[in-house]
Amino acid sequence: MTTAEHRHDGAATEPPMIGDHLAMDLLNTQARSDDQIVDFWNSGDDVMRWLERHHVAPPGKPPRVASADLLAQGKQLRNVVHDLIAARKAGQDVDVDRLNQYLQGYLTSPRLERDDQGRFVLARRPQGDAIASLLGPVAEAAAHLLIDGDFSLVKQCEHPDCILWFYDRTKSHKRRWCSMAQCGNRYKAAQFRKRSSGALASPGK
């Protein structure tokens, strides 16, 4: 399987937001199309836009960071989180040292603020390196998943041509597809065609 670059041209789609967990959506910045891995992250702007869509970075006020460094560190974090989640899902031991590097770089300090109703709240504000501050909340979300997540609900889409992940928050916990409108219907259509062709090939039909 090869890897294809996905370049934004204004009409191209963004990474899907179907994971129901920040760590799942991080993994879903890569998808599969026609037996190729499509990477939605090909520039620091792609990473920044994803962070803004997930309310990790404030929209319209991106911090000044080196685009190439943000892209490289973002992809590295994605690889780390993918390895951890895949190993944990498989019941294997996980090595958290690489994730800890991102967590340890995410320096914050407490700050007393007022919320929308004017009440005092204690918030934590990033104080360290700009890239570490941007990626730190994503690394922290992955850490919380490893600590508190029910990994029977951490799933990959069951369509054989899809690699997208999701956290199954449905009431019955029987979600099978990244999207019923896409992979679910594709699978049902393929099964219908298979049954139809089998019926036509049967003697006496």
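Residues numbered from 1 in each chain as written. Predicted model: local features only at pLDDT ≥ 70, side-chain atom pairs only at ≥ 80, totals over all residues. Heavy atoms only, no water.

As annotated in an unreviewed UniProt entry, the protein carries the name Zinc finger CGNR domain-containing protein and comes from Achromobacter deleyi.

Attention now moves to the overall build of the protein. For the protein, the count of helices and strands is six helices and seven strands. Secondary structure elements of the protein occur, N-terminal to C-terminal, as β-α-β-β-α-α-α-β-β-α-β-β-α. Element-wise, carbon and sulfur atoms account for 50% of the exposed surface of the protein, whose accessible area totals about 12400 Å². (Helix = DSSP H or I, 4+ residues; strand = E, 2+ residues; numbered from the N terminus. Areas by Shrake-Rupley, 256 points an atom, 1.4 Å probe, with all protein chains shown as cover.)

Counting through the fold element by element, Leu145 comes out in helix H5 (residues 130-148). A relative accessible area of 2% means that Leu145 is categorised as buried. Taking the C-alpha atoms as reference points, Leu145 and Met24, 121 residues apart in sequence, are found 9.6 Å from one another. With sequence-adjacent residues up to four places away left out, Leu145 is seen in contact with His21, Ala23, Met24, Ile85, Phe151, Val154 and Tyr167. (Buried < 20%, exposed > 50% of the residue type's maximum accessible area, 1.4 Å probe, protein only. Contact = heavy atoms within 4.5 Å.)

A few words now on the pattern of salt bridges. In the structure shown here, the tally under the stated rule is 11 salt bridges. Measuring nitrogen to oxygen at the nearest pair gives 3.0 Å for the salt bridge that ties Asp83 to Arg98. In this pair, Asp83 sits in helix H3 (residues 67-89) while Arg98 sits in helix H4 (residues 97-105), placing the two residues 15 residues apart along the sequence. With a shortest N-O distance of 2.9 Å, Glu158 and Arg176 are connected by a salt bridge. Placement of Glu158 in the loop between strand S6 (154-156) and strand S7 (165-167) and of Arg176 in the loop between S7 and helix H6 (180-201) is noted, with a sequence separation of 18 residues between them. Among the ionic contacts, a cluster of salt bridges with common partners joins Glu14, Asp46 and Arg49. (Salt bridge = Lys/Arg side-chain N within 4 Å of Asp/Glu carboxyl O.)

A few words now on the environment of Arg176. The partly exposed category is assigned to Arg176, whose relative accessible area is 36%. Along the backbone, Arg176 and Glu158 are 18 residues apart, and their C-alpha atoms lie at a distance of 5.8 Å.

Turning our eyes to something else, we now look at H3. With 23 residues, H3 should cover 33 Å at 1.5 Å per step; its first-to-last C-alpha distance of 32 Å lies within 8% of that length. Within H3 the residues assigned to the buried category are Leu70, Leu71, Gly74, Leu77, Arg78, Val80, Val81, Leu84, Ile85 and Ala87. Backbone geometry just after H3 places Gly91 at a positive phi near 75°. (Expected span 1.5 Å × (residues − 1).)

Take a nonpolar patch on the surface next. Together, Leu112, Phe120 and Leu122 make up a nonpolar patch on the protein surface, roughly 380 Å² of accessible area in all. Mapped onto the elements, Leu122 comes out in strand S5 (residues 120-126). (Patch = residues over 30% accessible without salt bridge, like charges linked within 9 Å, V, L, I, M, F, W, Y side chains within 5 Å.)

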